[in-house]
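Coordinate inspection notes
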Amino acid sequence: MKKTLFTTACFAILATATTVAYAQEWPSRTTTVVNPFSAGTTTDTVARVVAEGLQKKFGTPFIVDSRPGAGGMIGTTLVARAQPDGSTFGVSIAGPLVHNPLLYKSMAYDPAKDLTPLTLGVHQPCLLIASKALGVKTLPELIEVLKKNPGKYNYSYVGNGSLGHLVMTLLANKSGTQVVPVMYAGAVQATTAVMTNEVQMGCLPAQATMAQVRGNNVVPIAVSTADRASLLPDVPALREFYPEIVGSAWMGFVGPGGMPPALAERISAAIGEVLRQPHVVELLRQQLMQPAPGTPVQFKAFMQEELARWKPVIVDNKITADQ
């Protein structure tokens, strides 16, 4: 019995030592950073910034692999099914990481079990915009128009359970208004629909709307984040009118489930070092993204907070992605 216990203890010590040594050696070969959306999207931008920074830091190749489809779940599934050795990790968003178990009856992976949180990457606001034809410039003016015309006007969004969909649903709940959702294939198309007055408003990723805002083709009404955006200091936050409405179009980095904690912490720290570099902070700021790296433990806690924040909105309004 004593020999068995001694042998077991030896194996445990050896396994721990091996894990620590392996984490210290990362990266020893080419690393794939999975982007679960198309090239040129915001996730692609963040993935490439991080990959380039890590490659420069370590001198080993970091390749961005874009695997779009199923609202980000195809690429995120690829991460979930990879070996937890640090050779594959990915960037993803709230849907595939938090919301989708509430929106789909079945998924190819369980975010809580099949993914290892590495670090929060960036925050980005959704920007509530209105068509110029609607004739409003402020949120109180918009709400007044909607209250006078229940169900008459439409808003664009890019997917059931997307942040814009949830924010607009919550705004309608809190303001006592009715507005009809119209889904589009992507944020650019959804923004164009507002510009042409095909729909009258939308809460869309800020990066996708900024060209039309700068061109004075749409009216910026409010941002969804807790604070105003630095590039839009005159545009208020929704919570200045409705304190309960705070939402970030955040992105974070995850690895496969079962990744050793020491390895997850090493990758997390390396990503954070890249995201904190002044030139990276400025590059992302120009695209209305705010770096917010942290530890794996902090990112896991943040995702749990996001689930608690949005679950009532999804459940109470019977929002689903299943057809």
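Located above this text is the structure these notes cover.
In this text, all values refer to a predicted model and were calculated from it rather than measured experimentally.

This part is about the sheet that holds strand β11 (residues 290-291). The sheet built from 6 strands is open, its strands ordered β2-β1-β3-β10-β4-β11 with mixed pairing. Strand pairing shows two members of the sheet lacking a second neighbour, β2 (62-66) and β11, which therefore form its edges. Strand direction decides the pairing type here: strand β1 (residues 31-35) and β2, joined by 5 bridges, are parallel. Pairing of Asn35 across the sheet is with Ser66, part of β2. Contacting β1, β2, β3 (88-93), β4 (115-123) and β10 (251-256), helix α2 (residues 42-58) crosses the sheet at an angle of about 165° to β2. Most of the contacts of helix α10 (residues 261-275) go to β4, to which it runs at about 10°, and overall it touches β3, β4, β10 and β11.

All right, on to the pairing of β10 then. For β10, the buried fraction is high: 6 of the 6 residues fall into the buried class. Here β3 pairs with β10 via 4 bridges, running antiparallel. The partner of Gly90 across the bridge, within β10, is Val254. Examined bridge by bridge, β4 and β10 share 6 bridges and lie antiparallel to one another. Opposite Pro117, over in β10, you have Val254 as the bridge partner.

The next thing to look at is the side chain of Thr177. Position of Thr177 relative to the elements: it lies in the loop between α7 (163-175) and β7 (180-183). One polar contact links Thr177 to Ser175, side chain to side chain, over a distance of 2.9 Å. Among all residues touching Thr177, those that are not within four sequence positions of it are Ile143, Leu146, Lys147, Leu171 and Ala172.

What follows is about the packing of aromatic side chains. Both the distance between ring centres and the angle between the ring planes are used here to describe each pair of aromatic rings. Applying the stated rule across the entire model yields 7 aromatic pairs. Seen in terms of ring centroids, Trp26 and Phe62 are 5.9 Å apart; in terms of plane orientation they differ by 80°. Their pairing is edge-to-face. Taken together, the positions of Trp26 in the loop between α1 (2-25) and β1 and Phe62 in strand β2 put the pair 36 residues apart, joining distant regions of the chain. Both residues of the pair, Trp26 and Phe62, count as buried. Aromatic pair Trp250 and Phe302: ring centres 5.2 Å apart, planes at 80°, arrangement edge-to-face.

What follows deals with the packing of α7 against helix α12 (residues 296-316). Contact geometry for α7 and α12: axes closest at 10 Å, N-to-C directions at 70°. When the axes of α7 and α12 are compared, the pair comes out roughly perpendicular. In this structure, α7 contributes Leu163, Leu166, Val167, Thr169 and Leu170 to the contact, and α12 contributes Trp310, Val313 and Ile314. Residue composition of the contact of α7 with α12, grouped by class: 7 nonpolar, 1 polar and no charged.

We now examine the packing of α2 against α10. Following both chains from N to C, one finds α2 and α10 inclined at 105°, their axes separated by 9 Å at the closest point. Classified by the angle between their axes, α2 and α10 sit roughly perpendicular to one another. Along its contact with α2, which presents Val49, Val50, Gly53, Leu54, Lys57 and Phe58, the element α10 presents Arg266, Ala270, Ile271, Glu273, Val274 and Leu275. Classifying every residue of the contact of α2 with α10 by side-chain character gives 8 nonpolar, 1 polar and 3 charged.

Okay, the pattern of salt bridges next. The full count for this structure, using the stated rule, is 9 salt bridges. For the salt bridge of Asp44 with Arg48, the shortest nitrogen-to-oxygen distance reads 2.9 Å. Here Arg48 and Asp44 lie together in helix α2, a separation of 4 residues that amounts to about one turn. Exposure remark for Asp44: the relative accessible area of 5% places this residue in the buried category. You can call Arg48 partly exposed: its relative accessible area is 34%.

With respect to the element layout, Ser268 can be found in helix α10. A polar atom in the side chain of Ser268 sits 2.9 Å from the backbone oxygen of Gly294. The contacts of Ser268, once residues within four sequence positions are left out, are Leu118, Thr119, Gly294, Thr295 and Pro296.

The rules behind these values
Residues numbered from 1 in each chain as written. Predicted model: local features only at pLDDT ≥ 70, side-chain atom pairs only at ≥ 80, totals over all residues. Heavy atoms only, no water. Pairing = 2+ DSSP bridges. Helix = DSSP H or I, 4+ residues; strand = E, 2+ residues; numbered from the N terminus. Contact = heavy atoms within 4.5 Å. Axes fitted to C-alpha atoms, helices over the stretch in contact; angles between N-to-C directions. Buried < 20%, exposed > 50% of the residue type's maximum accessible area, 1.4 Å probe, protein only. Polar contact = N/O pair within 3.5 Å; in protein donor to acceptor, adjacent residues only side chain to side chain. Phe/Tyr/Trp six-rings, centres within 6.5 Å; stacked < 30°, edge-to-face > 60°. Parallel < 35°, antiparallel > 145°, perpendicular 65-115°, else oblique. Nonpolar A, V, L, I, M, F, W, Y, C, P; charged D, E, K, R; others polar. Salt bridge = Lys/Arg side-chain N within 4 Å of Asp/Glu carboxyl O.

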